[in-house]
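Descriptive analysis of the structure
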Amino acid sequence: MRRVTMLLVAALLVVSIVPSTTFADDPVPRKSPLDGTGDGSITVPDRPMTSAELAALKQKEQVAARVGELLADKRARRISGQQLAEKLRQLRREVTGSDGDVGVTSAWYELGVYGVLQSRDGTTYCNNYCGPASTYAILKYQGKSYAQAQIADNEGTGPCGSYGTCFGRIQDTLNGWGTQTYARYNPASSSDYVNHLVLDLSVYSMAIENIVRPWVNADVHLDKYTSAYTSGHYVVSRGYQDVYGPYLSYSDSVRDGTVDTVGQHWWDPNTFYQCLAAQSTGNGTDGCGAWYHCLW
C-alpha cells in the first residue's frame, strides 16, 4: 500500500464507520423516515434517476471519454502537462461556459471540500453519520449551510448509533439542497474512476461521494483502518495528482476511540478503487434497492 504525506494539503472531509464486524451502512434492510423524526417509521427504496440526472450522467459520460484520451496522451508524453491543462480549460469552457482555473498545474487538482467529525450535535461521535457528514462537506463547499442533524433527517439516517443512509436519499439531498446535479455511477476500473474524478474536479468543480469498504485485506484498505472495519462507509474524493504519484485525495470522518481518520488522505487510486469495488456485495438485497458506488 502506497501512501504519501503532502505539504500542500487542505483539511479534508470526514465520513463514518463502526469498529466492529457490523457497520452502520451494511447492506441490510433499513428504514428511511421521511418525517424528520429519525424513528425509522417509513421504508423508502432508492428511486429511479430523474430525467435531469440522466441527462447530466449522459453528458458526463461523453465528456469523460475525452478526458480519458487526454490523460492517456499525457501519460504517453504525447502532450505536456501545460498542454493538458489548457485542453481541460477549453473543455471546461465548452461544457460549462466557465473560464475558471482547473488546478495549479495540469497534474494536481484539489477542491476546498473540508471535513467535519460525523456527529448530530457537532461534538458526539455518531458511527452511522458518514453519509450526512460527507453530504455536509460537499454542500458547505457549494456555499450551503445545513447542520448534519438537518441533513440526516432529510436523508433518512437513523438515530445516532443505529442504521445508516441510503444512497438515493443522499442524491436527493445533494440535488435538492445543493447547486450541482449528481448522478449515481458504477466505475468499471481504476482508470475509469480516475478519468471521472479528473473530469469532475477540473471541468465541473465537483467532488465525488463514494461508498467503500475501508478494509478488504492487509494489502487493500484505506488509511489507518484495521480488519475491524469491513462494511460500507461513505467518503468524498476531492483531489488528484500525478506529480509524485499518482495519488487521489479523499476526506474521511471517523473518530471512534479506535481510529482517527478525520481529515484528508492521499492514497493509491488502484487501492482506493478495490475498496470501492469490494462494497458491491449485497446488490439488490438491502432496503435501499440497487447498489451503487458513486455519486458524481
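Residues numbered from 1 in each chain as written. Predicted model: local features only at pLDDT ≥ 70, side-chain atom pairs only at ≥ 80, totals over all residues. Heavy atoms only, no water.

So, on to the overall build of the protein. The helix and strand inventory of the protein stands at 7 helices and 7 strands. Its helices and strands in sequence order give the protein the pattern α-α-β-α-α-α-β-α-β-β-β-β-α-β, from N to C terminus. Split into buried and exposed, the 296 residues of the protein put 56% on the buried side. Nonlocal contacts in the protein, meaning residues at least 24 apart in sequence, comprise 72% of its contacts between residues at least 6 apart. Element-wise, carbon and sulfur atoms account for 52% of the exposed surface of the protein, whose accessible area totals about 11,600 Å². (Helix = DSSP H or I, 4+ residues; strand = E, 2+ residues; numbered from the N terminus. Buried < 20%, exposed > 50% of the residue type's maximum accessible area, 1.4 Å probe, protein only. Contact = heavy atoms within 4.5 Å. Areas by Shrake-Rupley, 256 points an atom, 1.4 Å probe, with all protein chains shown as cover.)

In this structure the tally under the stated criterion is 8 salt bridges. Two residues, Arg78 and Asp73, come together in a salt bridge whose shortest N-O distance is 2.8 Å. The exposure class of Arg78 is exposed, given its relative accessible area of 56%. Overall, Asp73 belongs to the partly exposed group, its relative accessible area being 23%. (Salt bridge = Lys/Arg side-chain N within 4 Å of Asp/Glu carboxyl O.)

Right, let's get into the nonpolar core. By size, the foremost hydrophobic cluster in this structure holds 62 residues, and its most contacted members are Val67, Tyr193, Leu199, Leu222, Tyr240 and Phe272. Considering every element that reaches this core, the biggest residue donor is helix α6 (residues 190-204), with 8 residues. (Core = buried A, V, L, I, M, F, W, Y, C linked by side-chain atoms within 4.5 Å.)

Taking 1.5 Å of rise per residue, 12 residues should cover 16 Å, and helix α3 (residues 130-141) covers 17 Å from first to last C-alpha, within 8% of that figure. Three or more residues of α3 are buried, namely Cys130, Gly131, Pro132, Ala133, Ser134, Thr135, Tyr136, Ala137, Ile138 and Leu139. On the buried face of α3, the contacting elements are α4 (148-155), α5 (167-177), β3 (208-212) and β4 (233-241). Phi turns positive, to about 90 degrees, at Gly143, one or two residues after α3. (Expected span 1.5 Å × (residues − 1).)

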